[in-house]
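Coordinates in review
Chain by chain, the residues run as shown.
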Amino acid sequence: MYRFKLTLLFFGAIFFLAIPAQASSNPIEKTYGFITSLKTKRVKPIKESKVIGFDIFLKPHHLSTEYKEAIAVNSPNSSEFKHFMTPDQFRDQFGQPKAVTMKWHYFLKKHHLESVTTRNGLILHVKGKVKSINHLFKTNINNATYHHNPLQFGKKRPNCPADLSKTVLTVLGITDYNKRNISFDDSSNKTNKSDANEPNAGRAIFAKNYHMNTLYHNGLTGKGQSIGIICFGNLKRENAIHFWRSEHVNSDPQRLSVKRTFNTPRKNNDPNEDETTMDVEYAGLVAPQSNIKVYLGNQTSYVNTTQEFVDNYSAAFDENKVSATSCSWGFDSFMPFFVKEKVETPKYSQLLSIILAQGALQGISNFVASGDSGALSPEITGLYKNHLLLNWNLQPKDPITANPFITSTGGTMLPLTERFGKVFKSNLGKSIIRKERSDGLDFLWPALQRHPNFLAKYPMLIGQQLIAQGGSGGGFSSLYSTPQYQNNVPGINTFNARQYLSNVSQPAFNPPLIHGTNSGRNYPDVSGCDFSDNGYKMYQKEKHGDGWHGNGGTRDCLKTKNSDII
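Scoring rules and cut-offs
Residues numbered from 1 in each chain as written. Predicted model: local features only at pLDDT ≥ 70, side-chain atom pairs only at ≥ 80, totals over all residues. Heavy atoms only, no water. Salt bridge = Lys/Arg side-chain N within 4 Å of Asp/Glu carboxyl O. Buried < 20%, exposed > 50% of the residue type's maximum accessible area, 1.4 Å probe, protein only. Patch = residues over 30% accessible without salt bridge, like charges linked within 9 Å, V, L, I, M, F, W, Y side chains within 5 Å. Areas by Shrake-Rupley, 256 points an atom, 1.4 Å probe, with all protein chains shown as cover. Lys, Arg positive; Asp, Glu negative; His and termini not counted. Charge placed at Lys NZ, Arg CZ, Asp CG, Glu CD. Helix = DSSP H or I, 4+ residues; strand = E, 2+ residues; numbered from the N terminus. Pairing = 2+ DSSP bridges. Axes fitted to C-alpha atoms, helices over the stretch in contact; angles between N-to-C directions. Contact = heavy atoms within 4.5 Å. pLDDT = per-residue confidence, 0-100.

1. Observations concerning the pattern of salt bridges
Tallied over the entire structure, the rule returns 7 salt bridges. A salt bridge links aspartate 525 to arginine 521; its shortest N-O distance comes to 2.8 Å. You can call aspartate 525 partly exposed: its relative accessible area is 33%. Residue arginine 521 is classed as buried on the basis of its relative accessible area, which comes to 0%.

2. Brief notes about a positive patch on the surface
There is a patch of like positive charges on the surface, built from Arg42, Lys179, Arg180 and Lys342. Structurally, arginine 180 is set in the loop between strand E5 (168-172) and strand E6 (183-184). Using a relative accessible area of 38% as the deciding quantity, one classes arginine 180 as partly exposed.

3. Details of the sheet that holds strand E4 (residues 123-129)
On the basis of which strands lie adjacent, the open sheet formed by 4 strands has the order E3-E4-E2-E5 and antiparallel pairing. Taken across any chain shown, the strands that pair with only one partner, and hence form the sheet edges, are strand E3 (114-117) and E5. Geometrically, the sheet is characterised by an average inter-axis angle of 20 degrees between neighbouring strands, direction not taken into account. In this sheet, E4 lies alongside E3 in antiparallel orientation, the contact comprising 4 bridges. Bridge pairing links valine 116 to histidine 125 in E4. Across the sheet, helix H4 (residues 98-110) is in contact with strand E2 (51-58), E3, E4 and E5; its angle to E3 comes to roughly 170 degrees.

4. Things to note about the confidence of the model for the chain
Mean pLDDT over the chain works out to 82, with 81% of the residues at or above the 70 mark. Considering only residues more than four positions removed or in separate chains, one finds that residues 1-24, a stretch of pLDDT under 50, has 96 contacts. Long-range and interchain partners of residues 187-197, a stretch whose pLDDT sits below 50, account for 19 contacts in this model, where long-range means more than four residues apart.

See below:
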């Protein structure tokens with residue numbers, strides 16, 4: 001389906017949890033408090049003298065045609081197969097003409113705002129002082145909300161020429177400073193990195209298990225290609241260079257470049273985000289002769305905004321230099337809540353489809369992690385004081401992990417036999433995986449079933465997602481209908497499952513196998529080993545230690561010293 005045979009799929013957002021040796025004084029309260037609520041942090045007010053940025057997203061022309069052609073150019077049985085576009089050709093057919101965007105530039109300049117247009121003719125990146133933005137939009141940016149009119153964020157509509165107003169689909173970034181646009185206080189989840197013993201190099205694992213040596217022997221090493229890493233965490237270049245040098249692949253510093261994309265500058269106190277670091281290191285390792293281009297946006301909170309995703313992907317497609325992109329970040333399933341609060345545009349999934357379809361039309365293969373909460377997806381059902389109230393269901397609403405114009409990548413587990421429970425001074429026997437399987441924690445169930453009192457004694461294991469929601473994400477997305485290319489594929493829109501947890505996350509033993517059908521975008525599309533033996537080796541130099549440690553993706557890592565599972 002794609003024109004480049006060697007690209008990197010990296011699986012999943014990475015979260016590590018330090019397992020306590022003993023239960024807390026009130027473990028049940030702590031457990032279900034974690035599952036059912038989440039602490040929040042309010043966005044701080046911003047001064048009128050501050051310079052910020054936002055996007056005006058213009059209406060595309062012939063949207064249905066864009067979607068159809070994005071599928072056609074990637075379908076081998078189509079006469080349009082591999083008839084890819086340039087960004088300028090995309091604009092000519094689907095974007096707004098220069099006459100429109102120039103009028104916007106002149107209008108915004110009169111209101112003391114600077115602007116540039118993306119090559120696709122659909123996005124105006126705008127910067128200026130809060131005072132000028134408030135004046136133009138007749139609002140106060142500290143309490144701006146969405147209205148039916150795409151340019152309205154206060155009680156009054158802005159004085160904008162009618163011929164320009166009708167070209168606007170939505171605006172992104174104006175509402176980011178409203179205190180309703182809360183961020184998540186995940187400080188209680190801050191933990192130490194995995195202490196995995198003797199982690200493995202990922203290239204050897206991939207080469208062995210997925211027959212990649214044949215590709216390498218045929219010269220398919222990524223030479224002449226570039227991989228784009230879509231990320232929202234910082235990177236120290238020297239870590240990746242050191243890692244590649246240690247793994248005896250191309251460590252020329254010139255193969256790695258970083259582009260900070262357009263979005264509002266934010267202070268990020270972590271100069272060395274391990275998720276970005278690992279994505280970059282393994283892109284350059286698995287495709288050892290490729291160039292790596294990092295498109296770095298500044299994450300505003302635990303949950304990314306539509307603007308940040310749109311800006312990062314637009315930057316990659318504007319340049320049109322990468323063969324593929326890889327992204328391990330996602331929206332989770334919280335967007336409907338923010339739309340209800342009027343601090344996120346209701347058009348968020350449509351915007352992502354427009355941009356990702358552009359990438360498909362340009363022949364860029366895009367990959368994204370399928371998530372790490374297993375079959376269950378969290379959603380926000382309400383807000384009480386400084387706590388979000390959570391629910392878990394089987395209707396994932398992350399608009400990017402299941403987008404029909406992106407390849408969703410899940411995680412698997414390789415065969416293993418491990419001791420279970422020693423960390424808690426318990427002997428629960430061994431847990432066995434006999435052949436490669438999807439990444440999920442139900443393989444622990446036989447041991448738990450033999451010792452049903454274990455979770456009653458240590459219920460925090462449920463709350464810490466080691467039991468309840470750990471695993472590679474996937475299922476049926478309710479945001480998108482089943483795409484044409486999935487029709488007539490065996491198994492599509494069907495499922496076989498066991499319900500290991502009750503509706504209140506209580507363990508259910510001996511659950512029956514149930515069968516059924518559903519509809520929507522089926523995902524993930526492909527899967528591969530996301531965590532093997534004691535973890536994939538990565539290098540991230542910090543204040544203490546030698547910089548080497550084990551890491552993994554898509555799910556929480558269960559390993560500790562001596563190859564024990566919890």
